[in-house]
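Per-entry structural report
So you can see what is in the structure, the chains are spelled out below.
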Amino acid sequence: MNFDLLHPRDQLVAIMNRIYHNGMTTLSGGNLSILDDNGDIWITPTGVDKGKLVAKDIMCVGATGAVEGPHRPSSEYPFHRAIYARRPDLRAIVHAHPPALVSFSIVRQIPDTKIIPQANRICGPIGYAPYALPGSEQLGENIAATFGEGYNIVILENHGLVAVGDSLLQAFQRLETLDFCARTFICAAGLGPIRTLDDDALALFDRRHDLLPEFVPAGHSSRERELRQQIVEIVHRACDRHLMISTEGVVSARLDADSFLITPTGVDRRALDIGDIVLVQQAQREQGKLPSRSVRLHQAIYDRHPDIHCVMTAQPPHATAYAITASPFNTRTIPECFILLRDVPIVPFDTLYQQPDATAAVVSLDTPVLLIENDCVLTVGRNVLDAFDRLEVVEFSARSLIEAIPIGNLVPIGDDEIRDLEINFC
Ligand SMILES: [Zn+2]
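Owing to the predicted nature of the structure, the values given are computational and were not obtained by experimental measurement.

1. A short note on the coordination of the zinc ion
- Summarising the metal site, the zinc ion is bound by the protein donors H95 (NE2), H97 (NE2) and H159 (NE2), whose distances to it range over 2.0 to 2.1 Å.
- Mapped onto the polypeptide sequence, the residues donating to the zinc ion form the spacing pattern H-x1-H-x61-H. Here H97, found in the loop between β7 (92–96) and α3 (99–106), pairs with H159, found in the loop between β9 (153–156) and β10 (160–165); they are 62 residues apart in sequence, far enough to count as distant.
- On the basis of relative accessible area, H97 is assigned to the partly exposed category, the value being 29%.

2. Considerations on the sheet that holds β10
- One open sheet accounts for 8 strands, arranged β5-β4-β2-β1-β7-β10-β9-β8; its pairing is mixed. Each having just a single partner strand, β5 (67–68) and β8 (126–129) make up the two edges of the open sheet.
- Bridge count between β9 and β10: 4 bridges; the pairing is antiparallel. Its bridge partner lying in β10, I153 is registered against A163.
- Of the strands in this sheet, β1 (31–35), β2 (41–43) and β7 touch helix α1 (residues 8–21), which is tilted by about 150° from β1.
- Here helix α2 (residues 77–86) sits on the sheet in contact with β1, β2, β4 (59–61), β7 and β10, set at roughly 35° to β1.

3. As for the side chain of S397
- Here S397 shows up in helix α14 (residues 384–404).
- Its relative accessible area of 7% is what places S397 among the buried residues.
- With near-sequence residues (within four places) excluded, S397 lies in contact with F329, C337 and L341.

About the thresholds
- Residues numbered from 1 in each chain as written.
- Predicted model: local features only at pLDDT ≥ 70, side-chain atom pairs only at ≥ 80, totals over all residues.
- Heavy atoms only, no water.
- Donors = N, O, S within 2.8 Å, 3.2 Å for Na, K, Ca; no water.
- Helix = DSSP H or I, 4+ residues; strand = E, 2+ residues; numbered from the N terminus.
- Buried < 20%, exposed > 50% of the residue type's maximum accessible area, 1.4 Å probe, protein only.
- Pairing = 2+ DSSP bridges.
- Contact = heavy atoms within 4.5 Å.
- Axes fitted to C-alpha atoms, helices over the stretch in contact; angles between N-to-C directions.

Written out as structure tokens, the structure reads:
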């Protein structure tokens, strides 16, 4: 779906729903706006429940100052107007108080996005605006002046954040991605020193060195159609379960010995459609579509392991906390965890892009989960649900481990009990 073609009212309602229902704002906090081609500013109202917003609630402030709509425009309208005045390149603004980012704003820090390459590339450099009274012209000046330095995200001191973009979806994705970094950072804080990528490592992500040649499919089998639907449904479910965000997460599924389907790069995960999924056949990509950047790794895994039928890479925050600290991940916590995950190795970041075969050699149905340093969690399975189950279990288990830290010392399952599990379940 082309989100930009929706009416501004419908875009604002759709994105406010995502922000509210993902726990990134309260019913009274947060406001969004779109600058129309004619200079009108479409903006969310003040004093209306953000969990129940509908299109007719959206306010429009004309270029001449005339206000249309059944409510009053957001009390933060002054800073929206000030940002558009300072940055004529922008078309949309989102403001919210996601708890993890508020944590950063109240300790007066900025989350480091160099923990994960795509997060760093989506967010770019992040600004910081000094405190001022909410709704005041001074707050507007402070925020607009910081955006004037070229940032696309600004942390508001003791308040929250503002993200901007040339579309509402882009502004939202910056907010969501920085919120992911903040949540992951907080999860990792109790595990050990947090590792970040240097510029050379980040540059590996930018290189499109492995663009596959194109082909035109002769047709689409019913099995292929079924798998396309399964991939779309599981990606949406992964978003609902906080295992993926709209800018991150890859799912592929084997079609036959020399072909598989994979999610595209750069497409909003929450709006993913069956037509977006890319068919890869004999190391060629379906014409006109760009597969996820990790397509070579997925190819290498399918080539090496005929029994693997699904591969997922994702960044759920608790499991990713292990990937950014390279902390050992102890799966000997509860039977479900060990049976589904077994022992989880961690592989270096650069092998993901430079040596996909080496990463494919580590994974198997006996070692079905990998942590890739500063990148993702990888799970495989005999089918889509099998790999998804592991993705859920790895995130639940990581969460239990992290949340256990302030309560007491972990007492793992003993070696004899692990042997029993291996004999009976593995
Ligand atoms: Zn606010």
